[in-house]
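# Working through the structure, step by step
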Amino acid sequence: MLAIRLSELPMDGSPDAQLPAGSALAAHPSSSNGTVGEGPLPLYRARVAAGKLAPDQAQEMAAETLQDLWRRLRGYEPTQEEPEKQGFLSRFFRRKPVEEEQNPAPIGLYLVGEVGRGKSMLMDLFFDTADVTRKQRIHFHQFMQNCHGRIHAWKKIHGDTADPIGPLADSIADEAALLCFDEFQVHDIVDAMILGRLFQGLFNRGTVIVATSNTAPDDLFKGKPGRDAFLPFIALIKKQVNVLFLDSNRDYRRARIQGLPTWHAPADARAQRAIDKAFEELTGVAHGEPTKLEVLGRKVEVPQAARGVARFDFVELCGKPLGPADYLALATHFHTIVVDGVPRLGPENFDKARRFITVIDAMYEHRCKLIASADAVPDQLYERGENAAMFERTASRLMEMQSQDYLALPHLT
Ligand SMILES: Nc1ncnc2c1ncn2[C@@H]1O[C@H](COP(=O)(O)OP(=O)(O)OP(=O)(O)O)[C@@H](O)[C@H]1O
Ligand SMILES: [Mg+2]
């Protein structure tokens, strides 16, 4: 099923309002086989029956709930009157205030649970099978970045005093009647402040939201300054979206990665095969999609990404002018990074060694998992040159990052 890209379309028909090329929200590659036309539950059961997934009661129940939503969403198109056709008088004579307006859209779903429980896997089964023409599946962080880009573009045209949130909601609702967010999370006060009105706008326009998250709605943005102003958003989410706790007691990701060797030396054909297998094991696909992460207004190119896993050649990761903010973004966005071909580095490669130190520090601090092929064991990778003493700590971290204890730690986003 075709998934559109939000940012392929401008916000107001003006090319200037379109995001720069490359900031596209990546459409999620379809990963389903088999009984797509029957919805997520039969597909889930088929995968369990085929031994691709372990049977799990909590997942089965979540799949039933998603199946119900799938049924209600078949052929869904919001019937909402287009906002520009709603004149002043019709607004004036509305029987209900805007915020109490009912819409006929099916209630969405917010799937919450601990890491590795299969939330994204289930949402992907749902998304791939959803019979909705305009649908989008996106990482929530990327969605917010895209929104900020559009707001910026809007203000450049309409000035700082014009309110961009209504037009932003219009453009998003035009592009997607079903929005699936992976890893819904709110850390940023700027995001917190726009979310309430943006989501109200989306719900008014009939957009259906499905999300996965590690945080229950009541705990979003908890303990942060400005939380009081965020509470109406939580109330709105709880009204418009059913919250389902996925209580599976198994961290399947941990089980998968713990079964995999993570450091492959030497970086020969055997290592390559092992890494290909690990990537497929973790993502369900042989190759990821090229993706771009926006960091401080720039784009960091990720050659392959799928299901929270990124894959780079060493030179793509450490041979380019990337800095700490870029590596931090990678380490928080991806739970696992696969690096092919880490070479032995000499004094002339001090810049690559420095970047490798930086990326490993960022990954270590955020408990991002590393799978790599390399010319040598960590201790022998960079023995002479600028920062070689500092590299000893990196080598020690690289050793620890291979341990079962490290692999069991939850990713810090
Ligand atoms: N029942 C299962 N049997 C085997 N593997 C599973 C099962 N459920 C999920 N997995 C696999 O476990 C891994 C983690 O699943 P998934 O990414 O969906 O977890 P998640 O709940 O979204 O985690 P997070 O909160 O970290 O995003 C994936 O590789 C997925 O395919
Ligand atoms: Mg997930």
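Along every chain, residues carry numbers that run from 1 in the direction the sequence is written. Chain letters start at A and ligand numbers start at 1, both assigned in the order the entries are written. Two thresholds apply to this predicted model, a pLDDT of at least 70 for residue-level local features and 80 or more for giving and counting side-chain atom pairs, whereas whole-chain, interface and lining totals are computed over all residues. Processing note: side-chain calculations cover all non-hydrogen atoms of the structure and skip hydrogens and water entirely.

### A few points about the confidence of the model for the protein
With 85% of its residues at a pLDDT of 70 or more, the protein shows a mean pLDDT of 85. Every residue in residues 83–103 scores below 50 in pLDDT, and together they form 18 contacts with partners more than four places removed in sequence or on other chains. pLDDT is defined as a per-residue confidence score from the predictor, taking values between 0 and 100. Contacts were defined at the residue level, with two residues in contact if any of their heavy atoms lie within 4.5 Å.

### Some words on helix α13 (residues 350–365)
With 16 residues, α13 extends 22 Å from end C-alpha to end C-alpha; this agrees with the ideal 22 Å at 1.5 Å per step. Exposed residues in this analysis have more than 50% of their type's maximum accessible area, buried residues have under 20%, and partly exposed residues fall in between, with area computed by a 1.4 Å probe over protein chains only. Only DSSP runs of H or I covering at least 4 residues are called helices, and only runs of E covering at least 2 are called strands; the numbering of each starts at the N terminus. Of all the residues in α13, the buried ones are Ala353, Arg355, Phe356, Ile357, Val359, Ile360, Asp361, Ala362, Met363 and Tyr364. If you follow the buried residues of α13, they end up packed against α11 (314–318), α12 (324–333), β10 (336–342), β11 (369–374), α14 (388–400) and α15 (404–408). The span expected for a helix works out to 1.5 Å for each residue beyond the first.

### Digging into the pairing of strand β4 (residues 208–213)
Within β4, six of the six residues are buried, leaving the element largely enclosed by the surrounding structure. The alternating pattern of β4 places Val208, Val210 and Thr212 and Ile209, Ala211 and Ser213 on opposite faces, both of which are buried. A pair of strands is treated as paired once DSSP finds two or more bridges between them. Bridge count for strand β1 (residues 108–112) against β4 is four bridges, and the pairing is parallel. When the bridges of β4 are listed, Val112 appears paired with Ser213.

### Some points on the sheet that holds strand β7 (residues 289–295)
What the six strands build is an open sheet, ordered β6-β11-β10-β9-β8-β7; its pairing is mixed. Only two strands of the sheet have a single partner each, and these edge strands are β6 (263–264) and β7. Geometry is summarised by axes, namely lines fitted to C-alpha atoms with helices restricted to the contacting stretch, and by angles between N-to-C directions that run from 0 to 180 degrees. Against the sheet, helix α10 (residues 269–283) touches β6, β8 (298–306), β9 (309–313), β10 and β11, its axis set at about 160° to β9. Across the sheet, α12 is in contact with β7, β8, β9 and β10; its angle to β7 comes to roughly 125°.

### Some words on the environment of Ala306
You can see Ala306 is positioned in strand β8. C-alpha separation for the pair Ala306 and Val285, spaced 21 residues apart in sequence, amounts to 7.6 Å. Ignoring anything within four residues of it in the chain, the contact list for Ala306 reads Phe279, Thr283, Val285 and Gly288.

### Topic: helix α8 (residues 227–240)
Its 14 residues place the ends of α8 20 Å apart at the C-alpha level, agreeing with the 20 Å of an ideal helix rising 1.5 Å per residue. Where α8 is concerned, the buried positions are Arg227, Phe230, Phe233, Ile234, Leu236, Ile237 and Gln240. Here the buried residues of α8 occupy an arc of 160° about the axis, which is enough to place them on one side. Exposed and facing more than 90 degrees away from the buried side of α8 are Asp228 and Pro232. Elements that come into contact with the buried residues of α8 comprise β1, α7 (189–204) and β5 (241–245). Picture the helix axis, draw a direction to every C-beta atom, and the arc is the one those directions span.

### Some remarks on the environment of Gln258
Relative to the assigned elements, Gln258 resides in helix α9 (residues 252–258). Given a relative accessible area of 27%, Gln258 falls into the partly exposed group. Note: C-alpha distance between Gln258 and Gln404 (146 residues apart in sequence) is 6.2 Å. Ignoring anything within four residues of it in the chain, the contact list for Gln258 reads Gln404, Leu407 and Ala408.

### Quick notes on the site of ligand 1
Proximity is defined per residue: any heavy atom of the residue falling within 4 Å of a molecule or strand makes that residue near it. The environment of ligand 1 is formed by 17 residues, the closest being Ala54, Gly116, Lys119, Ser120 and Asn214. Definition of a polar contact: a pair of N or O atoms within 3.5 Å, with one able to donate and the other able to accept a hydrogen when the atoms are protein atoms, and with sequence-neighbouring residues admitted only if both atoms are side-chain atoms. At 2.7 Å from an oxygen atom of ligand 1 is found a side-chain nitrogen or oxygen belonging to Asn214. Residue Arg253 places a side-chain N or O atom 2.8 Å away from an oxygen atom belonging to ligand 1. To measure how exposed things are, a 1.4 Å probe is used in the Shrake-Rupley method; for residues, cover is taken only from the protein chains shown. Summarising the interface, the protein chains cover 92% of the accessible area of ligand 1, which totals 640 Å² for the free molecule. Of the residues in the shell around ligand 1, the class split is six nonpolar, five polar and six charged. Three residue categories are used. Nonpolar comprises Ala, Val, Leu, Ile, Met, Phe, Trp, Tyr, Cys and Pro, charged comprises Asp, Glu, Lys and Arg, and polar comprises the others, including Gly.

### Regarding the packing of aromatic side chains
How two aromatic rings sit relative to each other is given by the distance of their centres and the angle of their planes. What counts as a ring pair is set by centres within 6.5 Å for rings of Phe, Tyr and Trp (its six-membered ring), and what kind of pair is set by the plane angle: stacked under 30 degrees, edge-to-face over 60, tilted for all other angles. Inspection of the entire model under this criterion finds 17 aromatic pairs. Ring centres of Phe221 and Phe230 lie 5.3 Å apart, and the angle between their planes is 55°; this geometry places the pair in the tilted category. In this pair, the class of Phe221 matches that of Phe230, namely buried. The structure contains a cluster of three or more aromatic residues connected by ring pairs, namely Tyr110, Phe140, Phe143, Phe181, Phe184, Phe199, Phe203, Phe221, Phe230 and Phe233. For a ring to carry a charge above it, either NZ of a lysine or CZ of an arginine must fall within 6 Å of the ring centroid while also lying within 35 degrees of the normal to the ring plane. The ring of Phe127 has Lys135 lying over it, and the distance from NZ or CZ to the ring centre is 4.7 Å. Residue placement shows Lys369 over the ring face of Tyr406; its charged tip is 5.6 Å from the ring centre.

### A closer look at the pattern of salt bridges
We define a salt bridge as a contact between a side-chain nitrogen of Lys or Arg and a carboxyl oxygen of Asp or Glu at a distance within 4 Å. Evaluated as defined, the whole model comprises 22 salt bridges. A salt bridge links Glu77 to Arg134, with the nearest nitrogen and oxygen atoms 3.0 Å apart. Of this pair, Glu77 sits in the loop between α2 (57–72) and α3 (88–92) while Arg134 sits in the loop between α4 (119–129) and β2 (135–139), and the two are 57 residues apart along the sequence. Using a relative accessible area of 39% as the deciding quantity, one classes Glu77 as partly exposed. Here Arg311 ties to Asp276 by a salt bridge, and the two come within 2.9 Å at their closest N and O atoms.

### So, the nonpolar core
Leu330, Ile337, Phe356, Met363, Leu370 and Leu381 are the most contacted members of the largest nonpolar core, which has 41 residues in total. With eight residues, the top contributor of residues to this core is α13. Sequence-distant contacts of Leu370, defined by excluding residues within four places in its chain, comprise Thr262, Trp263, Ile337, Val339, Ile360, Met363, Leu398 and Met401. As used here, the term nonpolar core means buried Ala, Val, Leu, Ile, Met, Phe, Trp, Tyr and Cys residues forming a set that is joined through side-chain atoms within 4.5 Å.

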